[in-house]
Amino acid sequence: MIREPMVFAGMSDISGKVRGKAFPVSALEKRSVRGVGWTPTNVQITCFDVIAESPFGALGDLLLIPDRDTHACVDFGDGSPPFNLTLGNIVSLENEPWECCTRSILISALARLEAVTGLRLKAAFEHEFHLAGEPAQPGEAYTHKGYRNNVAFGETAMAALEAAGIGTDTFMREYGPDQYEITVDPEVGVQAADSATILRELVYASADRHDRRASFSPLRSPDAVGNGVHIHMSFLDGNGKPATYDHGNPFGMAETTGAFIAGVLKYLDSILALTAPSVISYLRLTPHRWSAAYNNLGFRDREASVRICPVTAVDQDSIGKQYNFEFRAADGAASPHLALAAIVHAGVQGIEEQLAPPEPTEEDLSVLDDRTLANRGYARLPQTLDDALQRFAANKTVTGWFPERFSQIYHDHKRGELEHLRDLDNDERCAAYEKVY
Ligand code: GLU
Ligand code: MG
């Protein structure tokens with residue numbers, strides 16, 4: 001059969017989906033300059049394909065310009081068309097970043113970090129997901145047997161990541177039924193979010209090739225174990241040296257690290273709508289699910305919104321290289337670019353406000369009453385997407401980090417999603433999200 005090899009140029013949008021267009025691979029060089037045409041209202045296509053209220057209507061034209069540095073071409077070696085994906089930026093016809101381009105939004109957040117601190121961000125997205133369908137039998141959490149059940153898929157996914165230039169770390173059978181986790185090497189700047197976006201597409205593609213369907217949906221059913229996306233972060237100084245750790249400070253947080261984390265926690269309730277953006281994300285963000293339920297920093301504690309991660313090194317230099325902290329209140333319904341942009345802006349805001357480093361908790365906050373929590377500076381995170389959206393829209397500091405119309409457009413997009421699910425119960429909502437993420 002005749003076939004023209006094609007590459008798909010796309011971007012993870014507000015819905016966290018990669019949307020774009022394909023063209024012959026032979027045109028990639030030309031298209032990297034000229035781009036492909038794109039339509040503003042596409043940004044209001046929700047994850048369920050319903051179009052939310054759009055200020056653009058049928059009007060306007062944009063360009064999606066592929067960034068060839070992101071090009072991932074993976075031949076699975078089974079005769080199927082290679083996985084061929086390039087991410088890019090969406091710009092106006094005058095070549096200005098578009099107000100809803102998630103990648104441009106992240107690039108400007110990272111530029112703010114560098115302008116304010118001289119630091120660059122190194123990040124790695126740790127993904128949990130499950131293989132949809134009738135789950136394998138219980139009793140297989142973290143087991144070798146559970147791992148063996150889908151090892152062929154795992155080996156394909158790991159090989160595909162390596163072929164795409166994404167450094168692999170581990171593949172594991174997580175706690176939930178048919179739940180797996182992949183961790184990858186950290187990368188500097190926007191590349192970390194690019195790789196997270198490509199990773200999800202590669203995991204889908206790898207599962208397809210083993211007749212399974214992978215799902216990054218935050219919850220497969222209301223009582224299930226959640227799928228989190230944990231974003232690990234550290235800083236590099238102007239010479240490329242680690243700058244996150246200071247052994248003289250409590251819990252090893254360098255001054256900027258402490259203020260950055262304090263900013264993330266101070267603004268967490270108002271950025272949650274961007275990092276945990278589905279209706280069912282809020283069923284996951286409840287106590288005792290090892291996700292995040294309060295605006296707290298934990299030291300080696302998996303029930304904290306931000307966690308200082310353990311290191312294995314013993315000498316100070318190596319500890320400095322390994323030292324990182326992890327944001328746990330994110331999930332696979334979020335665009336990696338938007339989630340990271342929100343976290344970075346909140347962190348830089350904390351640095352600008354010279355916030356004191358948070359005191360890490362090492363206890364169960366859910367047993368404390370609201371007054372005790374409030375006295376200690378803690379609050380339960382928003383418990384619905386509706387509440388999280390209202391806090392986002394009402395926080396002028398937070399909306400001010402984004403292009404002028406972005407917060408309204410984002411808000412309207414998510415309202416469209418909420419409306420679509422309004423008459424469903426939580427079981428039905430989980431089932432709906434499992435199909436689309
Ligand atoms: N599955 C948990 C979550 O929803 C995380 C478990 C872990 O610590 O790896 O975030
Ligand atoms: Mg995990």
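Before reading on, note that the structure itself is shown above.
The rules we used
Residues numbered from 1 in each chain as written. Chains lettered and ligands numbered in written order. Predicted model: local features only at pLDDT ≥ 70, side-chain atom pairs only at ≥ 80, totals over all residues. Heavy atoms only, no water. Donors = N, O, S within 2.8 Å, 3.2 Å for Na, K, Ca; no water. Helix = DSSP H or I, 4+ residues; strand = E, 2+ residues; numbered from the N terminus. Buried < 20%, exposed > 50% of the residue type's maximum accessible area, 1.4 Å probe, protein only. Pairing = 2+ DSSP bridges. Expected span 1.5 Å × (residues − 1). Core = buried A, V, L, I, M, F, W, Y, C linked by side-chain atoms within 4.5 Å. Contact = heavy atoms within 4.5 Å. Polar contact = N/O pair within 3.5 Å; in protein donor to acceptor, adjacent residues only side chain to side chain. Near = heavy atom within 4 Å. Areas by Shrake-Rupley, 256 points an atom, 1.4 Å probe, with all protein chains shown as cover. Nonpolar A, V, L, I, M, F, W, Y, C, P; charged D, E, K, R; others polar. Axes fitted to C-alpha atoms, helices over the stretch in contact; angles between N-to-C directions. Parallel < 35°, antiparallel > 145°, perpendicular 65-115°, else oblique.

A few points about the coordination of the magnesium ion (ligand 2)
At this site the magnesium ion (ligand 2) is bound by E128 (OE), E174 (OE) and E181 (OE), with donor distances of 2.0 to 2.1 Å. One chain supplies every donor for the magnesium ion (ligand 2), spaced along it as E-x45-E-x6-E. Of this pair, E128 sits in strand β7 (residues 120-131) while E174 sits in the loop between β8 (168-173) and β9 (179-184), and the two are 46 residues apart along the sequence. You can call E128 buried: its relative accessible area is 8%. Taking relative accessible area as the criterion, E174 reaches 9% and is therefore assigned buried.

Observations concerning the pairing of strand β1 (residues 6-12)
Extensive coverage of β1 is indicated by the burial of 5 of its 7 residues. Hairpin connection between β1 and strand β2 (residues 18-24): a loop of 5 residues separates the two successive antiparallel strands, and G16 in this loop has a positive phi of roughly 80°. Pairing geometry for β1 and strand β6 (residues 83-92), over 3 bridges, is parallel. Counted as the bridge partner of A9 is T86 from β6.

Brief notes about helix α4 (residues 151-163)
Taking 1.5 Å per residue, 13 residues should reach 18 Å; α4 reaches 18 Å between its end C-alpha atoms and fits that length. Taken as a whole, α4 has its buried residues at V151, F153, G154, T156, A157, M158, A160 and L161. Where α4 terminates, the next one or two residues include G165, which has phi positive at roughly 85°.

Describing helix α7 (residues 268-275)
Within α7, 7 of the 8 residues are buried, leaving the element largely enclosed by the surrounding structure. Taken together, the buried positions of α7 are L268, S270, I271, L272, A273, L274 and T275.

Description of the nonpolar core
Of all hydrophobic cores here, the largest spans 94 residues; its most connected members are I231, M233, F327 and F406. The contacts of F327, once residues within four sequence positions are left out, are V229, H230, I231, M233, V264, L268, T275, S305, V306 and I343. Counting residues in hydrophobic clusters, the runner-up holds 29 residues, among them F76, Y180, L202 and V203.

Considerations on the side chain of T197
For T197, the location among the structural elements is in helix α5 (residues 190-208). A polar side-chain atom of T197 sits 2.8 Å from the main-chain carbonyl oxygen of A193. Those residues within four positions of T197 in sequence are excluded, and the remaining contacts are S12, V18, L87, P336 and H337.

Section: the site of ligand 1
Close contacts around ligand 1 come from E128, E174, E181, G226, G228, H230, R284, R289, W290, S291, R302 and R328, and that covers them all. Within the side chain of E128, an N or O atom sits 2.8 Å from a nitrogen atom of ligand 1. Contacts to ligand 1 include W290, whose backbone N or O atom sits 3.5 Å from an oxygen atom. In isolation ligand 1 exposes 300 Å². Once the protein is present, 93% of that is buried. Class assignment of the residues belonging to the shell around ligand 1 gives a composition of 1 nonpolar, 4 polar and 7 charged.

A few points about the packing of helix α12 (residues 385-394) against helix α14 (residues 406-421)
Interaxial distance between α12 and α14 falls to 10 Å at its minimum, and their mutual angle equals 170°. Here α12 is positioned roughly antiparallel relative to α14, judged by the angle of their axes. Note on element contacts: α14 touches α12 through F406, S407, Y410, H411, K414, R415 and L418, opposite L385, D386, L389, Q390, F392 and A393.

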